[in-house]
Amino acid sequence: METSRGSFAVLECVPPDSVPHMGRVLMLPGFMGSKEDFLPLLEPLSAAGIHTVAVDGRGQHESPGPRSEEAYAQGELAADVLAMSVAISEATASKTPLHLLGHSMGGLTARAAVLSTVSSCPWASLTLMSTGPAAIQLEQQKRIKLLVELLPVLGKEQLWHEMQKLEERDRPSDHTADFLRRRWINTVPEQLMVTGRQLMTEPDRVNELAAVALPMMVVCGQEDYAWPVPWQREMAARLGARHAVITGSAHSPNVENPADTARALISFWESATRPTPPNPRQSSAVPGRPRAGSERGPLPVHR
């Protein structure tokens, strides 16, 4: 995808003509992630009429990026998101709503993008997936701090092998393991170091975000280890946002339980863009609250 801020690698999935097109979504991956993290969602979202664009951010996997830490400051990444959204709108004939979704670190970037465009927000909704109110929990901070410190010393190849020795989860298939290694090697070191520090130092900006009149959703796995579920539940309450907990998943419900995740997302996007009859007792929207279509409260999703 060509934008005013450079080229970005994307996975794009267009719904078939046989189903009504109900919207578009730009999906941002997390730390050490890539567009492929959203592959399991493409088919169910497309079948529901969602035009999906999953992207590698600058310096991630197959998107180029400079060898400069300044290039990966949060403001720079947020500006990229706006440029991507403009490019999507210009490249597609569809005038359906454009939603924004960020997973993990991508959620922090998405939040920064929304806060930087409050007066002219181009998105119909914001979904924060497996993202918390501020920095990740302490145990994960320790792991990322070690990674950031060792990366310039050991280099990516040696550090990858060291990380595998510490991996506590089940080993993936050889095909997946090979992809994960290639993705790690492809990602620009400065991108990893800067975004890693962001995860450890991100301030709480929930009150700022709550003041934006935009339908929002917080969705997470029931065993999230980066930001505990209670943190994300509280964040959703502060935002007046819909909250979905996906069973049978941890930090990546998009991969670990894509069917239930897709159902939760589709339900939210349908509500976020559905016209709501005016309330005769309410003459205007309350400042700082979500627009019509945003639903408050938990939405548990079960297998």
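Presented here is an overview of the structure given in this document.

**A short note on the pairing of strand β8 (residues 216-221)**
- Of all six residues making up β8, six are buried, and the element is well covered by its neighbours.
- Residues M216, V218 and C220 line one face of β8 and the alternating positions M217, V219 and G221 line the opposite face, and both faces are buried.
- Where strand β7 (residues 126-129) and β8 come together, four bridges link them in parallel fashion. The residue of β8 that forms the bridge with L126 is M216.
- Pairing analysis gives five bridges linking β8 to strand β9 (residues 242-246), with the strands arranged parallel. Pairing of G221 across the sheet is with I246, part of β9.
- On the question of chirality, the crossover connecting β8 to the parallel β9 by way of helix α9 (residues 229-239) is right-handed.

**Some words on empty space enclosed by the protein**
- Scanning the model with the defined rule gives one cavity of 30 Å³ or more in all.
- Of the voids in this model, the largest cavity is the one considered here, and its volume is about 180 Å³.
- Considering the residues around the largest cavity, the lining is formed by 18 residues, among which P29, G57, Q60, L77 and T109 are closest to the centre.
- Listed by contribution, the elements that provide at least two residues to the lining of the largest cavity are α2 (74-91), α3 (105-116) and α7 (189-201).
- Per-element accounting of the lining of the largest cavity gives the leading share, four residues, to α2.
- Grouping the constituent residues of the lining of the largest cavity by class yields nine nonpolar, seven polar and two charged.

**Overview of the packing of aromatic side chains**
- Summed over all chains, the structure comprises one aromatic pair.
- Note on W160 and W184: the rings are 6.1 Å apart at their centroids and 35° apart in plane angle, and the pair reads as tilted. In this pair, W160 is assigned in helix α5 (residues 156-166) and W184 in helix α6 (residues 174-186), connecting sequence segments 24 residues apart.
- On the basis of relative accessible area, W160 is assigned to the buried category, the value being 10%.

Cut-off values and rules
- Residues numbered from 1 in each chain as written.
- Predicted model: local features only at pLDDT ≥ 70, side-chain atom pairs only at ≥ 80, totals over all residues.
- Heavy atoms only, no water.
- Buried < 20%, exposed > 50% of the residue type's maximum accessible area, 1.4 Å probe, protein only.
- Helix = DSSP H or I, 4+ residues; strand = E, 2+ residues; numbered from the N terminus.
- Pairing = 2+ DSSP bridges.
- Right-handed = clockwise from strand over helix to strand, strands pointing away.
- 1 Å grid on protein atoms, 1.4 Å probe; cavity = no way out; pocket = protein on both sides within 12 Å on 5 of 7 lines; lining within 4 Å.
- Points joined across faces, edges and corners; volume = space filled by probe spheres on them.
- Nonpolar A, V, L, I, M, F, W, Y, C, P; charged D, E, K, R; others polar.
- Phe/Tyr/Trp six-rings, centres within 6.5 Å; stacked < 30°, edge-to-face > 60°.

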